[in-house]
Amino acid sequence: MRRLFPLPSLPAPACEAGDALAEAVPPSPPEPGIVRDWTVDREWTLDELADAYAYPEADDPVRSGRAGWLRANMVSSLDGAAHHEGRSQPLSGAADMRIFGVLRSLADAVVVGAETVRQEGYRPARAREAFAARRAAAGQGPAPAIAVVTAGLGLDFALPLFTEPLVPTLVLTGAGAPEDRVRAARAAGVEVLFAGEGTGVDPERVTGVLAERGHTRLLTEGGPRLLGQFAAAGALDEMCLSLAPVVAVGDAPRIMDGPAVAVPGRFVLASMLEEAGFLFTRYRRS
């Protein structure tokens, strides 16, 4: 792993308060007195990665007016595919999976669409000893909650995601969702949260609803339709995109699949890492 941007050896650019680039600083050395050259290719520790991907603090100007912070993590092939044969794993690699684990371990809740839960075989998030002290210091539980976004609640509530979570799994839906499915979810011990007045969720309300439960550090792993809805609604604060050095071809969707926007949303580059040909980019909404 090596840092391509920002280069720590270069003078820091002048930034306005709240500018995303002002936040893109090299992680602190893991031991006192040790100075790292972040451009040298080596395996970063989990603590170094956690520092590099830390959420902005609640009093950070970049979070002004936001109930929480919604970050997305997705992987894409060179030709823009979000998955291969329905799954993202063939596009991933060792470094991508390390970052995937770190991003999960920093989050209060992982927001994911029901179709992705079904296709990827989602299980409850697990506690990781390497992050136990960091999570405790941040006032977090042992693992992030999984929050499933669904309109029809067409989910199997007998799956381990719902029956064996370390932290209770949440279901986000609309107030007009099928009442029998809402009752079935609650009978299975699932907490159902309403984030919309219709059958489905209003993307712009998700962050506020979860913040009311104390979940302000949010991570979404898609799929493409849910991520597209968040982006189109202006609800996405940060995009962590892993660019895999592979070509998938086929008819796989892009990482976002949602309604067109009148004006493309602007993001600024906060950091870029590289390992084994993978590019790990992090963008923040400008």
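Everything below is about the structure shown above.
Quick summary incoming for the structure in this document. (Residues numbered from 1 in each chain as written. Predicted model: local features only at pLDDT ≥ 70, side-chain atom pairs only at ≥ 80, totals over all residues. Heavy atoms only, no water.)

1. Thoughts on the overall build of the chain
Counting its regular elements, the chain contains 9 helices and 10 strands. Against the globule reference of 19 Å for 286 residues, the chain gives a C-alpha radius of gyration of 19 Å, in line with a compact fold. Summarising its shape, the C-alpha atoms of the chain cover approximately 60 × 45 × 35 Å along the three principal directions. Taking all 286 residues of the chain together, 45% fall into the buried category. Across the chain, the fraction of contacts at a sequence separation of at least 24, relative to all contacts at a separation of at least 6, is 69%. (Helix = DSSP H or I, 4+ residues; strand = E, 2+ residues; numbered from the N terminus. Rg over C-alpha atoms; globule rule 2.2 N^0.38 Å. Buried < 20%, exposed > 50% of the residue type's maximum accessible area, 1.4 Å probe, protein only. Contact = heavy atoms within 4.5 Å.)

2. Description of unusual backbone geometry
The bulk of non-glycine residues show a negative phi, and the bulk of peptide bonds are trans. The omega torsion of the bond from Phe5 to Pro6 falls at -10°, within 30 degrees of zero and hence cis. With respect to the helices, strands and loops of the structure, Pro6 is situated in the loop between β1 (2-5) and α1 (20-23). Cis rather than trans, the peptide bond between Gly222 and Gly223 has omega equal to 10°. Inspection of the secondary structure assignment puts Gly223 in the loop between β7 (217-220) and α9 (224-232).

3. A closer look at the pattern of salt bridges
Under the defined criterion, the tally for this structure stands at 17 salt bridges. For Glu238, the salt bridge identified is with Arg71, shortest N-O distance 2.8 Å. Here Glu238 is found in strand β8 (residues 238-243), whereas its partner Arg71 is found in strand β2 (residues 69-76), with 167 residues between them in sequence. An identical accessibility class is assigned to Glu238 and Arg71; each is buried. Residue Arg183 pairs with Glu179 through a salt bridge whose shortest N-O separation is 4.0 Å. Linking Arg183 with Glu179, this pair stays in helix α7 (residues 179-187), spanning 4 residues, or about one helical turn. Like Arg183, the residue Glu179 is exposed in the burial classification. Bridged by salt links that share partners, the residues Arg71, Glu238, Arg282 and Arg284 form one connected network. (Salt bridge = Lys/Arg side-chain N within 4 Å of Asp/Glu carboxyl O.)

4. Some thoughts on the pairing of strand β6 (residues 191-194)
As defined by bridge partners, strand β5 (residues 170-173) adjoins β6 across 4 bridges and the pair is classed as parallel. Across the sheet, the residue bridging to Val171 is Val192, located in β6. (Pairing = 2+ DSSP bridges.)

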